[in-house]
Amino acid sequence: MSLTTTTTTAPSPTPPHTSEEGPSRSNIGLVRPDFSTGLKDLLTTVDHKKIGAMYAIFALAFLIIGGVEALFIRAQLAVAENNLVSAETYNQLFTMHGTTMVFLAVMPLSSAFFNFLVPLQIGARDVAFPRLNAFSLWTFVAGAIVVNISWLFQAAQALGWFTTENGMTDIVPAGGWFGYAPLTSDEYTGIGTDFWIFGLQVLGIASIAASLNFIVTIINFRAPGMKMMRLPVFVWMTLITSILVIFAFPPITVALGELMFDRYFGTNFFRVDQGGQPILWQHLFWVFGHPEVYILILPAMGIISEILPVSSKKPLFGYSLIVFSGAVIGFLGFAVWSHHMFTTGLGKVATAAFSLLTMAIAVPTGVKIFNWIGTLWGGRIKFTVPMVLSLGFIWMFMMGGFSGIMHSSAPSDAQQQDSYFVVAHFHYVLIGGSILSLMAGVYFWMPKMTGKMWYGKLGYWVAGIVIVGLNLTFFPMHFLGMIGMPRRTHTYLEGTGWEPMNLVCTIGAFILAIGIFFFLYDIFRTLRKGPPAGDDPWDGRTLEWTISSPPPAYNFARTPIVHSRDALWAHKHGKESVKLGSVEPSPGGIHMPSNSWFPLVASVGFLILGVSMALKQAGVPYCGYIAISGLLITFVGIYLWALEGPGGYHLHPEEKA
Amino acid sequence: MSHAADASHPADHIPTGLDNKKLMMWLFLASDCMFFGTLITTHLVYRKIYENVGVDPITVFDIELTTASSFILLMSSLLMALAVSAIHKGDVKSFRWNLVGVIIFGTLFLGGQVYEFNHFVHLGLTLSTGTFGSTFYVMTGTHGVHVALGILWLISWLVYSFSPKFNAHENAVDVETAGLYWHFVDIVWIVIFTAVYLIEYV
């Protein structure tokens, strides 16, 4: 379909691809596969839309796993002196809950949106490095398996199928998602920490690879005329998030590497009796960990900035301010890590400086919130499901922001440190913020992704139940923290006065879980029976709504030429001079990259390396050799990847221009 | 050894005019700056903590040898620049000889590091000699791994340059990307040499 006509024509069937070149042979005789359906296609695909969908499926699966862990935690704390789970199991539960939610649920769900949306929103046919994109996905899956396979080994040990040489019981990570050394050194923890270290390293490789890809894509693959200040806000937030990832992950890579050397090779980075400093871990972890918070929330802010203008039929209020405040948040995110360490005794000057810098972050965040409200102001608001969730996001995120400002003051932080007040704060930001807006994004873009529209009132029920459950779970935690309930303890005594509010929190958690269950059911129901969505169901403003739903493999039959911000809106409702143009189609057809096995092969090498290194620590024989073979598989995969050549075929979309 | 046409660009223009692979390498090196920055910071924080060390870095370090191997590494950067310049001119023969030079010089540097590590261990400075030994070996070892990967990469290009598919014009940008990596590894070594070796003599 052409961009110069209106955009509501029926989706054209994907035209058959003609490979007049024949299969392209590489330098060493390898032929890149050309699957188009089935499991083999999913394993070898380099299509950013399929990769995005797989990211979403894995992320939602881990959202369930992390959620079940959270329900166990809340069930244990429902009443005083409960012994549903042991103290050891409780440590494993909160460690795995945090690790899973941060690295395996929120980050990959954001990645799903990056993958699916960024090329569509900038008018590109794919990301800059399609095979690297597939590598990021499979490496993420490998890292997720390395961390979570520990549960299986623990189960095997309970059944007597697996024994460790020294009879250690600590097989699931139990050192907290922050992994404070030296509590995670080999004297105090078992191979759980090894699964955690290697899993996180592999996940870090996946994140950095994906981020490099997205930065290059956004900078180099924009459609003609799409200047930086015409990029959709979601793309801007993706760019800033990706920059944060490439600068924030190296410090944790080094920290994990040092911890690994301490555990495997007898170095002294965190051995206090040899001069190692526990505070070094805290600095290295939080210089990653605080930017990580913004890595989790900036994509959410981008999603909200796309939904609000569409649902209130107004341009985003203060586009430049939203973009610049996002950049400022990203920059300041690196300057505030020590506010996680106010109680470690850094001295007055450092504490005061980090206190001030942390408060400063409230300014760009406030700018964003006022811009969103300005967008709503005087708009013709349609209360669609994504809009209701977005409004819920603004409220929840503001609540989390306010308690954040309380923490930024070092004296009050000294009181709140390690109490449930902190738990309340970051769950308001990360569930009320990230998860709520990612859900809004799923409701907003699922029609484009699948071609199926939501129907019925279930979406409104989901939004209502989730927002009620969320507040019921986390609001009382502010008070629990204020009256002294500490984090990370598996139970509490009777008569502390904490019992009633803990029961309320637990009830809230189960209500939240019901809401998430209905959310997943609603996705499933829509996929099976949703009515056709049409190309532009929301009267959208960005380029992805110009193409059919679901988008064809080549995205754009003709690359659009952009003349303004909110390009599609201007095209539909603006003057003649800002209508979208399009690039003449190439006579040879659109060149599409072929599938490839080697990104998957390289990732499997990492999986073997991570699991066998952890088992090596448990004294399982031959694991050192298996680890080396894993590394070799990765190397061979990368070599064959480089040598298999460009491959590819040409498509001739049937145009109705 | 990847190839130019991995994904077709939607339009014939690139907004920045910077090749995808080169841009990617610049970004990766920016990330690597944080990586080495963290390692070097760890060393600077830890080098004066002398619990259980028992060895003095000045008596262990052989500054003449390290200076020589640092000079060799820097000269390899010069040869790398000549190799990149040659392939841009299409002079494959000169490209190969310069690349051989880079590989030999890089390997000499690595050999120096292996000799050094072996020698230091005999003098009593090991991985577990206090925090100084830990950071010294982990940091310089990480740099050594970077050099080794670079050598592997360049050997691959040398071998590939004999393949009939090798095209000096098309592959010049790939070689240039490898060159960026090589120069970065050299520049990092200057910082490490200063912050680890020279600083002990101040």
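Residues numbered from 1 in each chain as written. Chains lettered and ligands numbered in written order. Predicted model: local features only at pLDDT ≥ 70, side-chain atom pairs only at ≥ 80, totals over all residues. Heavy atoms only, no water.

Enquirer: Would you take a moment to explain the overall build of chain B for this structure?
Expert: From N to C terminus, chain B includes six helices and zero strands. Shown N-terminal to C-terminal, the secondary structure of chain B runs as helices and strands in the order α-α-α-α-α-α. Projecting the C-alpha coordinates of chain B onto the three principal axes gives extents of approximately 60 × 35 × 25 Å. For chain B, the residues scored as buried account for 54% of the 202 residues in total. (Helix = DSSP H or I, 4+ residues; strand = E, 2+ residues; numbered from the N terminus. Buried < 20%, exposed > 50% of the residue type's maximum accessible area, 1.4 Å probe, protein only.)

Enquirer: Explain helix 3 (residues 63-89) of chain B here, please?
Expert: An α-helical turn contains 3.6 residues, so any two residues separated by three or four positions project in the same direction. Between its terminal C-alpha atoms helix 3 of chain B stretches 39 Å, which fits the 39 Å expected from 27 residues at 1.5 Å a residue. Phi for G90 of chain B, located one or two positions after helix 3 of chain B, is positive at around 80°. (Expected span 1.5 Å × (residues − 1).)

Enquirer: I'm lost on the packing of helix 4 (residues 92-122) of chain B against helix 5 (residues 130-160) of chain B in this one. Help?
Expert: Packed helices, taken two at a time, are described by the angle their axes make and the gap between the axes. Residues and elements named next belong to chain B. Contact pair helix 4 / helix 5: the axes reach a minimum separation of 10 Å and the direction vectors enclose 155°. Overall, the two elements helix 4 and helix 5 adopt an arrangement that is roughly antiparallel. Read as a crossing pair, helix 4 and helix 5 show a hand that is left-handed. (Axes fitted to C-alpha atoms, helices over the stretch in contact; angles between N-to-C directions. Parallel < 35°, antiparallel > 145°, perpendicular 65-115°, else oblique. Left-handed = near helix turned anticlockwise from the far one by under 90°.)

Enquirer: Would you take a moment to explain the side chain of S110 of chain A for this structure?
Expert: Its location among the elements puts S110 of chain A in helix 3 (residues 87-121). Not counting residues within four places of it along the chain, the set of residues in contact with S110 of chain A comprises P299 and L438 of chain A. (Contact = heavy atoms within 4.5 Å.)

Enquirer: I tried to follow the side chain of Q201 of chain A on my own but got confused; where do I start?
Expert: With respect to the helices, strands and loops of the structure, Q201 of chain A is situated in helix 5 (residues 192-220). Setting aside chain neighbours within four positions, we find Q201 of chain A in contact with T253, L256 and G257 of chain A.

Enquirer: How should the environment of M399 of chain A be read in this particular structure?
Expert: Residues and elements named next belong to chain A. Mapped onto the secondary structure, M399 falls in helix 10 (residues 385-408). Taking the C-alpha atoms as reference, M399 lies 17 Å from L296; in sequence the two are 103 residues apart. With near-sequence residues (within four places) excluded, M399 lies in contact with Y428, N471 and F475.

Enquirer: I tried to follow the packing of aromatic side chains on my own but got confused; where do I start?
Expert: Two aromatic rings, taken as a pair, are described by how far apart their centres are and by the angle between their planes. If you walk through the whole model with that rule in mind, you get 58 aromatic pairs over all chains. Both rings, one in F269 of chain A and one in F270 of chain A, keep their centres 6.5 Å apart while their planes meet at 50°; by these two values the pair is tilted. Grouping residues by exposure puts F269 of chain A and F270 of chain A together as buried. Both rings, one in W157 of chain B and one in Y160 of chain B, keep their centres 5.5 Å apart while their planes meet at 80°; by these two values the pair is edge-to-face. In this pair, W157 of chain B and Y160 of chain B both sit in helix 5, three residues apart, roughly one turn of the helix. The structure contains a cluster of three or more aromatic residues connected by ring pairs, namely F103, W177, F249, F269, F270, W281, F285, W286 and F288 of chain A together with Y46 of chain B. The ring of W569 of chain A is capped by R541 of chain A, whose NZ or CZ atom sits 4.2 Å from the centre of that ring. In this structure, R96 of chain B is placed above the aromatic ring of F162 of chain B, and the distance from its NZ or CZ to the ring centre is 3.9 Å. (Phe/Tyr/Trp six-rings, centres within 6.5 Å; stacked < 30°, edge-to-face > 60°. Lys NZ or Arg CZ within 6 Å of the ring centre and 35° of its normal.)

Enquirer: Whenever I open this one, the nonpolar core confuses me. Can you help?
Expert: Generally speaking, nonpolar side chains in soluble globular proteins are found buried as a group. Residues and elements named next belong to chain A. Core analysis: the largest hydrophobic core is formed by 253 residues, its most contacted members being F103, F140, W281 and W372. Per-element accounting of this core gives the leading share, 19 residues, to helix 6 (residues 233-265). When sequence neighbours within four positions are dropped, the list of residues in contact with W281 reads F178, G179, Y180, A181, W196, A255, L256, L259 and F270. Listed in part, the six residues of the second largest apolar core include Y554, A557, I590 and L651. (Core = buried A, V, L, I, M, F, W, Y, C linked by side-chain atoms within 4.5 Å.)

Enquirer: Could you clarify how one ought to interpret the interface of chain A and chain B in this entry?
Expert: The extent of an interface is frequently quoted as the accessible surface area lost upon association of the parts. Counting from both sides, the interface comprises 52 residues of chain A and, opposite them, 46 residues of chain B. For the chain A and chain B pair, buried surface summed over both sides reaches about 4,200 Å², with 67% attributable to carbon and sulfur atoms. In this assembly, chain A and chain B are joined by zero salt bridges. Between the two partners, chain A and chain B, sit ten residue pairs in polar contact (both at pLDDT 80 or more). When residues of the side of chain A that touches chain B are traced back to their parent elements, those giving at least two are helix 4 (130-158), helix 5, helix 6, helix 7 (278-312) and helix 17 (623-643) of chain A. (Buried area = accessible area lost by both parts, 1.4 Å probe. Salt bridge = Lys/Arg side-chain N within 4 Å of Asp/Glu carboxyl O. Polar contact = N/O pair within 3.5 Å; in protein donor to acceptor, adjacent residues only side chain to side chain.)

Enquirer: What is the right way to look at the pattern of salt bridges in this model?
Expert: Residue and element names in this part refer to chain A. Under the criterion given, the structure shown has 18 salt bridges over all chains. One salt bridge connects D418 with R488, and the closest N-O pair in it is separated by 3.1 Å. Residue D418 is found in the loop between helix 11 (410-416) and helix 12 (420-450), and its partner R488 is found in the loop between helix 13 (458-482) and helix 14 (499-529); the two are separated by 70 residues along the sequence. For D418, a relative accessible area of 31% corresponds to the partly exposed category. By relative accessible area, which is 25% here, R488 ends up partly exposed. For E584, the salt bridge is made with R558, and the minimal N-O distance between the two is 3.8 Å. In this pair, E584 sits in the loop between strand 2 (581-582) and strand 3 (590-592) while R558 sits in the loop between helix 14 and strand 1 (560-561), placing the two residues 26 residues apart along the sequence. Note on E584: relative accessible area 61%, which makes it exposed. What makes R558 buried here is its relative accessible area of 15%.

Enquirer: Could you clarify how one ought to interpret a nonpolar patch on the surface in this entry?
Expert: Residue and element names in this part refer to chain A. Residues V79, V468, L472, L503, V504 and I507 make up a contiguous nonpolar surface patch of roughly 450 Å² in combined accessible area. Looking at the nonpolar patch, the elements with two or more residues in it are helix 13 and helix 14. No other element matches helix 14, which puts three residues into the nonpolar patch. Within the secondary structure layout, V79 lies in the loop between helix 2 (48-77) and helix 3. (Patch = residues over 30% accessible without salt bridge, like charges linked within 9 Å, V, L, I, M, F, W, Y side chains within 5 Å. Areas by Shrake-Rupley, 256 points an atom, 1.4 Å probe, with all protein chains shown as cover.)

Any functional reading would require information beyond the geometric quantities listed.
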